[in-house]
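Breakdown of the fold
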Protein chains: 2
Amino acid sequence: MLVLITYDVNTETNAGKARLRKVAKQCMNYGTRGQNSVFECILDNTQCVTLKAILSEIIDENVDSLRFYYLGNNFKNKVEHMGVERGIDVVDTLIF
Amino acid sequence: MLVLITYDVNTETNAGKARLRKVAKQCMNYGTRGQNSVFECILDNTQCVTLKAILSEIIDENVDSLRFYYLGNNFKNKVEHMGVERGIDVVDTLIF
């Protein structure tokens with residue numbers, strides 16, 4: 001399924017910047033960076049549970065936040081792009 | 001329906017910054033700013049067509065981009081939050 005993950009990590013401190021890098025690294029294991037602060041990840045249920053557990057350990061829940069949007073398996077017609085194209089499209093580049 | 005709009009507007013120029021403000025203003029008519037670069041909008045089909053037409057006029061399609069993710073009408077169980085709460089939650093604050 002496609003899971004859109006958006007993040008708002010407080011980067012006022014070096015520790016916050018490090019958390020942001022860690023969040024990005026984990027998400028990049030499962031998808032591509034969409035636009036600013038957005039990852040498009042292709043996950044099965046087990047991967048999703050695992051990734052959420054990892055991310056919950058990384059973030060500081062007092063200052064950071066993540067949001068997960070579940071687009072399901074039939075997501076091609078649920079995503080629309082307008083404007084300049086990105087270099088990588090998760091839908092076309094990942095094999096699943 | 002819930003439509004998530006993410007944007008990547010090139011703000012290297014003052015014109016770009018103005019476009020970003022215009023995009024944000026239009027999206028705020030229909031929802032709340034989620035995290036960085038993300039809007040959660042509650043739209044019916046007509047509003048969605050209208051908003052997309054307006055946004056396509058605002059952005060510079062050579063340098064900016066928008067993505068629309070359609071979460072449908074039954075979206076409450078398709079959105080999950082982790083970490084610090086935002087001040088406003090579109091799901092609870094809008095009447096539709």
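Just so you know, these numbers come straight off a predicted model, no measurement behind them. (Residues numbered from 1 in each chain as written. Chains lettered and ligands numbered in written order. Predicted model: local features only at pLDDT ≥ 70, side-chain atom pairs only at ≥ 80, totals over all residues. Heavy atoms only, no water.)

1. Let's talk about the interface of chain B and chain A
By a widespread convention, an interface's size corresponds to the accessible area lost as its parts come together. Counting from both sides, the interface comprises 34 residues of chain B and, opposite them, 34 residues of chain A. Taken over both partners, the interface formed by chain B and chain A buries close to 3200 Å², and the fraction arising from carbon and sulfur atoms is 52%. On the surface where chain B and chain A come into contact, there are 4 salt bridges. Here A:Glu40 and B:Arg67 are joined by a salt bridge, their closest N and O atoms 2.8 Å apart. Taken together, chain B and chain A are joined by 20 residue pairs in polar contact (both at pLDDT 80 or more). Broken down by secondary-structure element, the contributors of at least two residues to the side of chain B that touches chain A are β1 (2-8), β3 (38-42), α2 (45-58), β4 (65-72) and β5 (79-83) of chain B. When residues in the side of chain B that touches chain A are grouped by element, the largest group, 7 residues, is from β4(B). Along the lines of polarity and charge, the residues of the side of chain B that touches chain A split into 14 nonpolar, 10 polar and 10 charged. Two strands pair when backbone bridges link them, and strand β4 (residues 65-72) of chain A and β5(B) are joined in this way by 5 bridges, in the antiparallel orientation. Looking across to β5(B), one finds that A:Arg67 is bridged to B:His81. (Contact = heavy atoms within 4.5 Å. Buried area = accessible area lost by both parts, 1.4 Å probe. Salt bridge = Lys/Arg side-chain N within 4 Å of Asp/Glu carboxyl O. Polar contact = N/O pair within 3.5 Å; in protein donor to acceptor, adjacent residues only side chain to side chain. Helix = DSSP H or I, 4+ residues; strand = E, 2+ residues; numbered from the N terminus. Nonpolar A, V, L, I, M, F, W, Y, C, P; charged D, E, K, R; others polar. Pairing = 2+ DSSP bridges.)

2. Topic: the sheet that holds strand β2 (residues 31-33) of chain B
Spatially, the 5 strands line up as an open sheet ordered β5(A)-β4(B)-β1(B)-β3(B)-β2(B), and their pairing is antiparallel. Pairing within the sheet leaves two strands with one partner each, and these edge strands are β5 (79-83) of chain A together with β2 of chain B. Strand-to-strand twist of the sheet, defined as the mean angle between neighbouring strand axes without regard to direction, takes the value 20°. Those strands touched by helix α1 (residues 14-28) of chain B are β1, β2, β3 and β4 of chain B, and its axis lies near 140° from that of β2(B). Here α2(B) sits on the sheet and contacts β5 of chain A together with β1, β3 and β4 of chain B; the angle it forms with β4(B), its principal contact strand, is near 170°. (Axes fitted to C-alpha atoms, helices over the stretch in contact; angles between N-to-C directions.)

3. Side note on the nonpolar core
Residues and elements named next belong to chain A. Ranked by internal contacts, the top residues of the largest apolar core, which has 21 residues, are Val 3, Ile 5, Val 23, Leu 55, Leu 66 and Phe 68. Those elements that place two or more of their residues in this core are β1 (2-8), α1 (14-28), β3 (38-42), α2 (45-58) and β4. Per element, the largest residue contribution to this core is 4 residues, and it comes from α2. Other than its neighbours up to four places away in sequence, Val 3 contacts Phe 39, Glu 40, Cys 41, Leu 43, Cys 48, Phe 68, Tyr 69 and Tyr 70. (Core = buried A, V, L, I, M, F, W, Y, C linked by side-chain atoms within 4.5 Å. Buried < 20%, exposed > 50% of the residue type's maximum accessible area, 1.4 Å probe, protein only.)

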